[in-house]
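Overview (structure and organization)
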Amino acid sequence: KRSSGDNRPMPELPDVTVYVEAVAERAAGHKLVRALIRGPFLLRSVAPPVSTVEGKTVRDVRRVGKRIAIGFQDDLWLVLHLMIAGRLHWRDSTPKLSARGPLAAFEFDNGTLTLTEAGTQHRAALNIVAGEAGLWALDAGGIDVLNASLAEFANVLQSANHTLKRALTDPRLFSGIGNAYSDEILHRAMLSPVALTQ
């Protein structure tokens, strides 16, 4: 999908995977000193509060659908959904959160992860959840295509009769595939997006 005035595709499985790897490389084993959030529209959960992850060390970073999940001590998770225009940046120091600056800054003991978003619609989302159950409650349930067997992929693809495009982009069927990535998949496979899965 593309937003008006922004011709960049939404971050999908390949992009999110690269973000996960980059965040893990920089933040794993490091302590989150503080989390600064510019506006209330970003934060989509209130319990547990953001302050519960401050002072805790990153134990894991993983992808949950199109979300980036940063796991801390005590099984707490900071979960970011970049949506269409959100981007992450690693900086040596923490920038000021002004009206035109980052939406959020996560200051670690070795640098700062910032979240920016182009445009004015502010679709990016931040959740703080507790435990695996809280983390997976954010997941639509689609299979991880990078770890699925051919038989599993085919079974899920043909589980209902939809167009290939609709099936591939349904997060309940396949995790992390959106419009741009499905177009690339179908182009590479030389298949029409309107062909039926059956």
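These notes cover the structure that comes with them. Keep in mind that what you see is a predicted model, and the values were worked out from it rather than measured. (Residues numbered from 1 in each chain as written. Predicted model: local features only at pLDDT ≥ 70, side-chain atom pairs only at ≥ 80, totals over all residues. Heavy atoms only, no water.)

Description of the environment of Val 18
Here is the rule: Secondary structure counts use DSSP, requiring at least four H or I residues in a row for a helix and at least two E residues in a row for a strand, with both numbered from the N terminus.
Here Val 18 shows up in helix H1 (residues 13-27). Remark: the alpha-carbon pair of Val 18 and Arg 63, spanning 45 residues in sequence, is separated by 9.8 Å.

Thoughts on the side chain of Lys 56
Note the threshold: Polar contacts here mean pairs of N or O atoms no more than 3.5 Å apart (in protein, one a potential hydrogen donor and the other a potential acceptor; neighbouring residues in sequence count only if both atoms are side-chain atoms).
As for its placement among the helices and strands, Lys 56 is situated in the loop between strand S1 (32-37) and strand S2 (58-64). A distance of 3.0 Å separates the side chain of Lys 56 from the side chain of Asp 74, its partner in a polar contact.

Regarding the environment of Asp 92
Position of Asp 92 among the secondary structure elements: in the loop between strand S5 (86-91) and strand S6 (104-108). Taking the C-alpha atoms as reference, Asp 92 lies 9.5 Å from Glu 107; in sequence the two are 15 residues apart.

Quick notes on unusual backbone geometry
For the record, the criterion: The buried label applies to any residue whose accessible area, calculated with a 1.4 Å probe on protein chains only, is under 20% of its type's maximum; exposed applies above 50%, and partly exposed to all values in between.
Pro 48 follows Ala 47 through a cis peptide bond whose omega is 0°. In this structure, Pro 48 sits in the loop between S1 and S2. At Met 83, a position not held by glycine, the phi torsion is positive, near 55°. When its relative accessible area of 24% is taken as the criterion, Met 83 is described as partly exposed. If you check the backbone angles, Met 190 has positive phi at about 55° while not being a glycine. Tracing the backbone through its elements, the reader meets Met 190 in the segment after helix H5 (179-189).

With respect to the sheet that holds strand S7 (residues 111-117)
Applied cut-off: Pairing between strands is defined by DSSP: at least two bridges between them are needed. Throughout, an axis means a line fitted to C-alpha atoms (over the contacting stretch in the case of helices), and angles, computed between N-to-C directions, take values from 0 to 180 degrees. Whether two residues touch is decided by their heavy atoms; if any such pair falls within 4.5 Å, the residues are in contact.
Here 4 strands make up an open sheet; going across it, the order is S1-S6-S7-S5 and the pairing antiparallel. The open sheet terminates on both sides in strands that have one partner only, identified here as S1 and S5. Averaged over all pairs of adjacent strands, the angle between strand axes in this sheet comes to 15°, irrespective of strand direction. Of the pairings in the sheet, the one linking S5 to S7 comprises 6 bridges and is antiparallel in character. Following the sheet pairing, Arg 91 is matched in S7 by Thr 112. Taken strand by strand, H1 contacts S5, S6 and S7, and its axis lies near 25° from that of S5.

Some points on the sheet that holds strand S3 (residues 67-72)
Taken in spatial order, the 4 strands of this open sheet run S2-S3-S4-S8, and their pairing is antiparallel. Of all strands in the sheet, those with a lone pairing partner are S2 and strand S8 (125-130), marking the two edges. If you compare each strand with its neighbour and ignore which way they point, the axes differ by 20° on average. Packed onto the sheet, H1 meets S2 and S3 and runs at close to 175° relative to S2.

Comments concerning H1
Condition: Each helix should span, by expectation, one fewer than its residue count multiplied by 1.5 Å. This arc is built from the directions going out from the helix axis to the C-beta atoms.
For H1, spanning 15 residues, the distance from its first C-alpha to its last is 20 Å, which sits close to the expected 21 Å at 1.5 Å a residue. Among the residues of H1, Leu 13, Val 16, Tyr 19, Val 20, Val 23 and Ala 27 are the ones counted as buried. One side of H1 holds all its buried residues, which, seen down the axis, span an arc of 120°. More than 90 degrees from the buried face of H1, the exposed residues found are Val 18, Glu 21 and Glu 25. Buried residues along H1 sit in contact with S2, S3, S5, S6, S7 and H5. Of the residues flanking the end of H1, it is Gly 29, one or two places downstream, whose phi is positive at about 85°.

Any link to function would need more than the numbers given here.
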